[in-house]
Amino acid sequence: MEKIIVKKSAPLSGSISISGSKNASLPILAATLLCTGKCTIKNVPPLSDVKLMCSLLESLGAKISFEGKNIIVCVPKLKSHIAPYEQVSKMRASFLVMGPLLARYGRTRISLPGGCPIGQRPVDLHLKGFAAMGAKINLGHGYVEAKTDKLHSAKIYLDFPSVGATENLMMAATLCDGQTIIENAATEPEIVDLANFLNNCGAKISGAGLGTICIDGVNELSGCEYNVISDRIEAGTFMVAAAATHGCIKLENIPPSHLKPVIAKLREMGAVIEEGENHISIDADAKLKCVDIKTLPYPGFPTDMQAQMGALMSTVQGTGIITETIFENRFLYVSELQRMGANIKIDGRCAIIDEVRHISGARVNATDLRCGAALIIAGLAAKGDTEIGSIWHIERGYCDIVEKLQRLGANIEKSECDL
Ligand code: UD1
């Protein structure tokens, strides 16, 4: 088992290139189950979650090969329609194979994902949508079984703009007869990327990114070559890491339009940010101050950047309130930051963060992916050594984070855990 050791670091400087988006790659890989032809997916980050999705696709019948940074997927024939507990419980995004399996093969048996550290995360919106499209759904023994002769089009209103439900239903609708409309759909850039991939394969989707998505069903999807968008959360995390060290860095290969709320909040804190066409520069030389943040569906402030901002705010002047509205349990990182001396109080869905003289390094544990990122950021600004355990959480979502931070001058390394 490995740990990450972070020491107080000089201001980060230099430039790095942002990797492909995990949250765009996973649904696109699931969507290859819809395609009869060869799909070449480019710019996929080599992360453990991507490997998990590939092994699930292989167990369903996909032939997968890796050519440099490209993943090639062909699904000549379905071998199984079952996504077992062992796979779905390791990664919730496995549930995204449900829509493609139902649409192309008319049946699926898939484990219910269950709870996860950040909250309950039900799948009721996915299931209501599939039922509206004519699937017969049975729940039992921790599994969902769904069957249909052929899905039909439907008008679906999502009670909440769920990212996963929007993706699952949009994929399923591509092969339905007639026009499906998804209202109050999620508008994240990853939704637009999935729609673009599907359209390149022959789907007829319009409105992705605008809240109402129209999908005109087609008989068949072919394959295509597709370049996945860059990871806006990785970019945001590096911006916050630079701010925590009063650094000045340039992030290449990331459109600033995907990070508007993060850029706005960092500017409000006192950072100077320059937006290029496909790059962002941040200079956080000045004294920064706390702000108030509320997480919201896109284009609001992303819940996936909440913990990192909580870590940064623990190291700057003033008082700030973070309100989490997407997941009910996304303050697990707070008790780890408190062990480092942060002054944070939790009141329901709010974290109230107050100024301290300094935070100090400690042994802490990454309870989830973004908690791990937050602890790295805190460690860069803390006095003394911070030792972070359970770093497999971090490696699920950040490609070479230690090496990239080292390149920017951070005092960080990986080492074996003591037994
Ligand atoms: C995706 C992202 C995750 C991000 C989240 C919110 C991937 C692989 N993961 O997760 O990193 O934090 O979006 O931006 O892309 N909900 C229901 N019923 C449902 C579905 C969702 O009540 O059927 C609720 C959830 O419990 C949660 C909220 O809706 O409170 C948002 O969930 P959702 O947008 O579906 O997130 P994911 O797709 O799971």
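**Student:** I'd like to hear about the sheet that holds strand β15 (residues 248-252), residue by residue, with values.
**Tutor:** Taking strand neighbours across the sheet as the criterion, the 4 strands line up as β2-β15-β17-β16 in an open arrangement whose pairing is mixed. Bordering the open sheet on either side are β2 (13-17) and β16 (272-275), each of which pairs with just one other strand. In this sheet, neighbouring strand axes are inclined to one another by 15° on average, regardless of whether the strands run parallel or antiparallel. As paired elements, β15 and strand β17 (residues 279-283) share 5 bridges and run antiparallel to each other. Bridge pairing links Ile249 to Ile282 in β17. Of the strands in this sheet, β2, β15, β16 and β17 are in contact with helix α8 (residues 232-244), which crosses β15 at around 170°.

**Student:** Requested: an account of empty space enclosed by the protein, with residues and values cited.
**Tutor:** A full pass over the atoms with the stated rule returns 1 cavity of 30 Å³ or more. Taken together, the residues that form the lining of the largest cavity break down as 4 nonpolar, 2 polar and 3 charged.

**Student:** Account for the pairing of strand β3 (residues 39-42), with residues named and values stated.
**Tutor:** Pairing between β3 and strand β5 (residues 70-74): 3 bridges, direction antiparallel. Bridge pairing in β5 links Ile41 to Ile71. The sheet contact formed by β3 and strand β14 (residues 225-227) spans 3 bridges and is parallel. Bridge pairing in β14 places Ile41 opposite Tyr226.

**Student:** Can you tell me about the layout of surface pockets, naming the residues and giving the values?
**Tutor:** What the second largest pocket holds in volume is close to 440 Å³. Together, 21 residues line the second largest pocket, and His246, Thr315, Val316, Arg357 and His358 are the ones closest to its centre. At the level of secondary structure, the elements contributing two or more residues to the lining of the second largest pocket comprise α8 and α12 (369-381). A per-class count over the lining of the second largest pocket returns 9 nonpolar, 7 polar and 5 charged.

Calculation notes
Residues numbered from 1 in each chain as written. Predicted model: local features only at pLDDT ≥ 70, side-chain atom pairs only at ≥ 80, totals over all residues. Heavy atoms only, no water. Pairing = 2+ DSSP bridges. Helix = DSSP H or I, 4+ residues; strand = E, 2+ residues; numbered from the N terminus. Axes fitted to C-alpha atoms, helices over the stretch in contact; angles between N-to-C directions. Contact = heavy atoms within 4.5 Å. 1 Å grid on protein atoms, 1.4 Å probe; cavity = no way out; pocket = protein on both sides within 12 Å on 5 of 7 lines; lining within 4 Å. Points joined across faces, edges and corners; volume = space filled by probe spheres on them. Nonpolar A, V, L, I, M, F, W, Y, C, P; charged D, E, K, R; others polar.

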